[in-house]
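# Fold and geometry: a report
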Amino acid sequence: MQLGALLEAVGAAPQGAVPAVDIAGVCALAPGQPGALAWCGSADYLEQARASAAGAVLLAPGLDPAGVPGAVAVEAPQAVFAAIAARFAPDDRPPPGVHPSAVIDPSAELGADVRIGPGVVVGAAAQVGEGSSLDAGCVIGADVRLGAQARVGARVVIAPRCQIGARVLILPGAIIGSRGFGNHHDGQMWREIPQLGSVRIGDDVEIGANTTIDCGALGDTVIGDNVRIDNQCQIAHNVHIGAQTALAAQVGIAGSTHIGAGCMVGGQAGISGHLRIADRVILNGGSVVYQSIAEAGQYGSGSPLLPAPAFRRLIVLLRRLEPRLKTLEKALRRGH
Amino acid sequence: MQLGALLEAVGAAPQGAVPAVDIAGVCALAPGQPGALAWCGSADYLEQARASAAGAVLLAPGLDPAGVPGAVAVEAPQAVFAAIAARFAPDDRPPPGVHPSAVIDPSAELGADVRIGPGVVVGAAAQVGEGSSLDAGCVIGADVRLGAQARVGARVVIAPRCQIGARVLILPGAIIGSRGFGNHHDGQMWREIPQLGSVRIGDDVEIGANTTIDCGALGDTVIGDNVRIDNQCQIAHNVHIGAQTALAAQVGIAGSTHIGAGCMVGGQAGISGHLRIADRVILNGGSVVYQSIAEAGQYGSGSPLLPAPAFRRLIVLLRRLEPRLKTLEKALRRGH
Amino acid sequence: MQLGALLEAVGAAPQGAVPAVDIAGVCALAPGQPGALAWCGSADYLEQARASAAGAVLLAPGLDPAGVPGAVAVEAPQAVFAAIAARFAPDDRPPPGVHPSAVIDPSAELGADVRIGPGVVVGAAAQVGEGSSLDAGCVIGADVRLGAQARVGARVVIAPRCQIGARVLILPGAIIGSRGFGNHHDGQMWREIPQLGSVRIGDDVEIGANTTIDCGALGDTVIGDNVRIDNQCQIAHNVHIGAQTALAAQVGIAGSTHIGAGCMVGGQAGISGHLRIADRVILNGGSVVYQSIAEAGQYGSGSPLLPAPAFRRLIVLLRRLEPRLKTLEKALRRGH
């Protein structure tokens with residue numbers, strides 16, 4: 001397909017002439033791939049762009065096209081690139097219809113054009129929205145509502161009564177709405193506190209592979225619109241996550257914590273229960289959060305990575321830091 | 001159902017008169033829900049109780065009932081609440097019997113009143129105790145023994161030969177008894193050390209969604225009675241966990257470590273291998289444990305969460321802390 | 001079986017006479033088990049060896065056999081032990097052939113002697129190598145290439161187009177090749193960046209239970225030969241892991257990071273994106289890595305585990321460490 005036609009197909013307005021090249025796919029800028037399209041969003045990558053083997057390169061406006069193969073300037077080149085890449089992406093959904101090995105309760109409501117793979121189970125009175133796909137081995141509980149155009153990966157479990165919006169993408173192995181970790185000790189032993197809430201997930205949400213989102217204890221666990229959650233995250237009961245917040249992999253959020261909108265949480269960060277995190281908070285990967293955060297901004301916790309002997313000395317030093325500092329301060333007070 | 005009848009049904013002895021209200025469910029204290037029951041265990045929440053929309057509120061003995069809607073005093077109000085909540089909890093187990101799509105080895109022994117969902121696989125000579133349920137897509141290996149009244153969630157895998165007690169609750173996606181991470185390097189390459197042990201799990205245990213518990217290398221991995229394990233925990237080969245210990249989500253315990261009874265381990269904590277942790281140890285979330293802990297008590301590790309610029313300065317400071325402290329101490333020794 | 005025959009069967013050359021004992025299994029050195037074989041690799045364990053109930057003990061050459069039951073010296077006793085243990089390991093693979101409940105696309109190519117369990121799904125044009133086994137509930141996507149003699153555990157998902165070598169061991173619940181976490185914010189909302197790469201895995205690799213390995217965004221995610229990955233690890237898009245590197249459980253590696261060969265990464269360690277880690281780097285468990293590591297060696301980060309009151313004081317102290325140190329240094333500069 002000609003580059004000009006591709007740009008038109010995704011609604012991009014090139015600035016200046018469009019090179020007359022055929023584009024058969026997309027590629028990384030370095031090293032690039034003949035006949036494929038790459039993108040370059042800043043001058044930092046112009047050298048790579050000039051050396052690229054790509055057939056064409058989308059450039060951010062204002063970048064010098066000299067020497068860049070098949071250079072064409074467009075606004076938001078990454079967005080244009082993503083839209084074009086989507087046209088080359090294979091469609092890995094199950095074929096239209098219901099695989100004969102799927103077990104669909106007669107009272108379930110399947111929207112038009114659903115795609116349901118082998119071994120899928122859909123429970124009583126569950127609703128699967130128009131155009132949604134359920135990949136092999138998914139288990140959709142009774143009374144679940146799943147919106148239109150959702151894509152649910154292989155072996156995902158959605159527990160009864162969860163409500164999930166449109167255009168949601170749930171990756172394989174994720175578990176939505178299983179029991180929250182609520183127990184009380186009656187003096188003799190731990191006993192379950194029934195978890196009677198559910199999970200409500202907005203539209204345009206992504207949920208990563210093997211991520212777990214627990215149902216609420218009484219009210220619901222709530223995931224806002226356009227939240228992006230990476231693999232192996234753990235969202236406990238009654239957590240609320242504001243719209244457009246993104247969680248990198250292996251993040252854990254304990255019960256009843258509310259995260260604002262537009263936050264970005266780095267990988268493996270952990271957030272204690274019953275906290276309030278403001279909008280637009282950025283947490284470094286590995287951060288441990290014990291207290292609410294009232295102000296937008298970037299935060300981190302942790303310690304430096306050191307060669308093992310220096311690390312061991314730092315550990316010893318930190319164990320004895322308080323008395324050493326106090327001794328110094330006392331001596332100074334005496335001395336001066 | 002009348003509140004008085006509900007209290008009687010769960011064996012609770014109200015102190016004083018019971019308001020004549022109908023209860024149709026349970027709710028959180030704040031904001032509460034008309035016709036539903038809430039609870040209040042301490043004076044800290046009395047204000048919420050007075051403002052609650054609940055139809056009735058269970059109060060800890062001694063709390064002032066003035067202004068609390070439908071107030072009734074009972075011992076252990078949380079326990080009474082949990083017992084009543086359980087009566088309103090929907091039963092999400094598969095229906096009684098064996099779904100026709102399940103694959104049950106002819107030599108497996110299914111107890112009376114089992115409930116086996118679609119696509120479940122039960123291996124040779126496996127025993128499933130009376131009244132136990134296996135939700136959709138579970139895989140129960142050969143020679144597994146699963147006790148009575150166990151509830152096994154969707155897509156759980158229990159490897160061959162694991163022994164699991166009565167009334168165990170295993171949440172979706174958990175994997176019990178897969179291979180321990182045992183390899184040796186023969187000078188040329190890593191080679192597997194066969195993992196020949198199994199997993200033994202006591203009675204009344206809860207195991208969280210997508211949690212993994214490895215089989216032992218030679219002896220067994222052992223989980224004591226009434227242990228509570230949250231989602232995405234990793235229990236390595238030959239770990240022993242004492243009775244009534246609770247692990248929050250994403251905890252990792254390395255091989256051959258023994259954890260005592262009655263411990264509470266916070267989320268994302270990590271415990272190295274071959275350690276001994278005493279009974280009644282409490283670990284803060286995110287703690288990293290490299291050494292055995294001989295004394296009961298609460299422990300933590302970590303560093304403060306700081307705004308990013310202060311965090312970066314702390315990292316730099318910690319890298320150079322040792323020489324700076326030594327310089328100060330040397331100067332003081334010279335000076336005084 | 002006689003010990004001498006067993007040693008011969010695994011190609012081990014005993015040094016000196018071999019005790020004429022029958023061996024019916026393997027056991028740990030302590031306490032040992034009558035009729036079973038144990039091993040002892042260093043003088044540190046000789047006392048345990050002498051007290052062992054084992055029927056025979058493989059000793060490293062040079063260790064004093066006095067008092068050790070059934071002592072026999074061999075080179076690399078652990079390796080010999082592992083080889084003998086493998087002969088006693090039960091074969092938990094599905095029986096040869098394809099279970100009737102499996103759903104195999106007609107265009108898939110199954111090698112000779114494959115073993116395919118109940119409910120397995122194999123997509124169009126997928127290739128399963130000779131002698132490989134797929135346990136219950138696996139989902140193998142279209143165009144996957146899986147080498148010979150691979151063992152794939154229950155409910156593993158391998159996404160379309162992944163290429164996996166020979167003799168690979170994938171434990172239950174692992175997810176290979178699901179979508180990388182690539183999104184861009186267009187000013188209005190997060191939008192997906194199509195992830196068009198795949199995952200390439202070498203020969204003799206182990207992948208742990210519930211581990212997730214994402215497909216590449218444009219190029220591939222690459223796992224070298226004989227890499228060993230424990231449970232619940234997260235490998236992001238376009239990560240490269242060099243041959244024979246071992247990752248303990250719950251490690252997370254962010255996108256586009258390259259890890260060298262022969263590294264050992266401790267449990268729960270986290271490595272940021274776009275870094276380069278040299279060959280033969282050892283990371284302590286729980287390390288957080290924000291920068292590339294150019295030199296082989298052992299590294300760690302973290303802080304000491306302290307009783308809760310001391311921990312709280314350390315947190316407070318670290319928050320105010322910079323001004324306290326500066327005050328001291330200023331005072332000293334003035335004073336001396």
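Residues numbered from 1 in each chain as written. Chains lettered and ligands numbered in written order. Predicted model: local features only at pLDDT ≥ 70, side-chain atom pairs only at ≥ 80, totals over all residues. Heavy atoms only, no water.

Contacts between chain C and chain A engage 67 residues on the former and 63 residues on the latter. Of the roughly 5000 Å² buried at the junction of chain C and chain A (both faces included), carbon and sulfur atoms supply 62%. A per-residue breakdown of the area chain C buries against chain A is headed by Phe181(C), Trp190(C) and Leu328(C), which together make up 14% of the total. Where chain C packs against chain A, one counts 5 salt bridges. Here Glu192(C) and Arg151(A) are joined by a salt bridge, their closest N and O atoms 2.4 Å apart. Along the contact surface separating chain C from chain A lie 29 residue pairs in polar contact (both at pLDDT 80 or more). (Contact = heavy atoms within 4.5 Å. Buried area = accessible area lost by both parts, 1.4 Å probe. Salt bridge = Lys/Arg side-chain N within 4 Å of Asp/Glu carboxyl O. Polar contact = N/O pair within 3.5 Å; in protein donor to acceptor, adjacent residues only side chain to side chain.)

Once that is clear, we can look at the sheet that holds strand β13 (residues 145-146) of chain B. Sheet strands associate in pairs through backbone hydrogen bonding, adopting either a parallel or an antiparallel arrangement. Residues and elements named next belong to chain B. The parallel open sheet is built from 9 strands, whose spatial order is β7-β10-β13-β16-β21-β24-β27-β30-β33. Looking at which strands have only one partner, the edges of the open sheet turn out to be β7 (109-110) and β33 (276-277). Where strand β27 (residues 240-241) lies against strand β30 (residues 258-259), 2 bridges are found, and the strand directions are parallel. Directly across from Ile 241, in β30, lies its bridge partner Ile 259. (Pairing = 2+ DSSP bridges. Helix = DSSP H or I, 4+ residues; strand = E, 2+ residues; numbered from the N terminus.)

This part covers the relation of the copies chain C and chain B. Of the transformation placing chain C onto chain B, the axial shift is 0.0 Å and the rotation is 120°, giving an RMSD of 0.1 Å. Such a turn and shift between the copies fits a three-fold axis. (Least-squares fit on C-alpha atoms with pLDDT ≥ 70 in both.)

This part covers the confidence of the model for chain A. Averaged over every residue, the pLDDT of chain A is 97; the share at 70 or more is 100%. The ipTM, which scores confidence in the relative placement of chains, is 0.96 for this predicted complex, and the corresponding pTM is 0.97. (pLDDT = per-residue confidence, 0-100.)

Positionally, Asn238(B) belongs in the loop between β26 (234-235) and β27. Within the structure, the side chain of Asn238(B) is placed 2.8 Å from the backbone nitrogen of Ala217(B), a separation counted as a polar contact.

Residue and element names in this part refer to chain C. Neither face of strand β3 (residues 56-59) is exposed, since Ala 56 and Leu 58 on one face and Val 57 and Leu 59 on the opposite face are all buried. With 4 bridges joining them, strand β2 (residues 36-40) and β3 adopt parallel strand pairing. If you follow Cys 40 over to β3, its bridge partner there is Leu 59. Note on the crossover from β2 through helix α2 (residues 46-51) to β3: the handedness is right-handed. Of the strand pairs in this sheet, β3 and strand β4 (residues 71-73) are connected by 3 bridges, and their pairing is parallel. (Buried < 20%, exposed > 50% of the residue type's maximum accessible area, 1.4 Å probe, protein only. Right-handed = clockwise from strand over helix to strand, strands pointing away.)

In this section: the environment of Pro194(A). One can find Pro194(A) in the loop between β20 (190-192) and β21 (199-201). Along the primary structure Pro194(A) and Leu218(A) are separated by 24 residues, whereas in three dimensions their C-alpha atoms are 8.6 Å apart.

Much of the literature gives interface size as the accessible area that the parts lose upon coming together. Each assigned domain of chain A is listed with its residue range as follows: domain 1 (3-88), domain 2 (156-299) and domain 3 (305-336). Distance between the C-alpha centres of domain 1 of chain A and domain 3 of chain A: 55 Å. (Domains from an automatic or database assignment.)

Next up on the list: the side chain of Thr212(C). The residue Thr212(C) is located in strand β23 (residues 212-214) in this model. Its relative accessible area of 0% is what places Thr212(C) among the buried residues. A distance of 2.9 Å separates the side chain of Thr212(C) from the side chain of Gln232(A), its partner in a polar contact. Not counting chain neighbours up to four residues away, the residues in contact with Thr212(C) comprise Ala209(A), Asn210(A), Asn231(A), Gln232(A), Ile175(C), Cys233(C), Gln234(C) and Ile235(C).

With that settled, consider unusual backbone geometry. Leaving glycine aside, a negative phi is the common case for residues, and trans is the common case for peptide bonds. With an omega of 0°, the peptide bond running from Ala30(A) to Pro31(A) counts as cis. When you line up the elements, Pro31(A) lands in the loop between β1 (25-26) and β2 (36-40). Of note, the phi angle at Asp143(B) is positive, near 65°, even though the residue is not glycine. Positive phi, normally seen in glycine, also occurs at Asn238(B), with a value near 70°.

This paragraph deals with the interface of chain C and chain B. With 63 residues of chain C at the interface, the matching set in chain B holds 68 residues. A buried area of about 5100 Å², summed over both sides, lies between chain C and chain B, and 62% of it is on carbon and sulfur atoms. Where chain C packs against chain B, one counts 5 salt bridges. Seen at the junction of chain C and chain B, the total is 29 residue pairs in polar contact (both at pLDDT 80 or more). Looking at the side of chain C that touches chain B, the elements with two or more residues in it are α3 (77-88), β25 (228-229), β28 (246-247), β37 (306-307), α4 (308-319) and α5 (321-335) of chain C. When the residues that make up the side of chain C that touches chain B are grouped by side-chain class, the tally is 36 nonpolar, 16 polar and 11 charged. The pairing of strand β36 (residues 297-300) of chain B with β37(C) spans 2 bridges and is antiparallel. Within the sheet, the bridge partner assigned to Tyr299(B) lies in β37(C) and is Pro307(C). (Nonpolar A, V, L, I, M, F, W, Y, C, P; charged D, E, K, R; others polar.)

To continue, consider the sheet that holds strand β4 (residues 71-73) of chain A. All names here are of chain A. Spatially, 4 strands are ordered β1-β2-β3-β4 in an open sheet, and the strand pairing comes out parallel. Each edge of the open sheet carries a strand with a single partner, namely β1 and β4. Against the sheet, helix α3 (residues 77-88) makes contact with β1, β2 and β3 (56-59), and its axis sits at roughly 160° relative to β2, the strand it touches most. (Axes fitted to C-alpha atoms, helices over the stretch in contact; angles between N-to-C directions.)

Let's shift gears to the packing of helix α5 (residues 321-335) of chain A against α4(C). One way to put it is that α5(A) packs onto α4(C) with a least axis distance of 10 Å and a crossing angle of 50°. Compared by their axis directions, α5(A) and α4(C) come out oblique. On the side of α5(A), the interface is formed by Leu321(A), Glu322(A) and Leu325(A), while α4(C) contributes Arg313(C), Leu317(C) and Leu318(C). (Parallel < 35°, antiparallel > 145°, perpendicular 65-115°, else oblique.)

Here the focus is the environment of Arg276(B). All names here are of chain B. Secondary-structure assignment places Arg 276 in strand β33. In the structure, Arg 276 is positioned 17 residues away from Ile 293 in sequence and 6.4 Å away in space, judged by C-alpha atoms. The contact partners of Arg 276, leaving out residues within four places of it in the chain, are Ser 256, His 258, Ser 292 and Ile 293.

In this section: the pattern of salt bridges. Residues and elements named next belong to chain B. Under the definition given, this model contains 36 salt bridges over all chains. Between Lys 326 and Glu 322 there is a salt bridge, with the nearest N and O atoms lying 3.9 Å from each other. Here the residue Lys 326 and the residue Glu 322 both occupy positions in helix α5 (residues 321-335), the gap between them amounting to 4 residues, near one helical turn.

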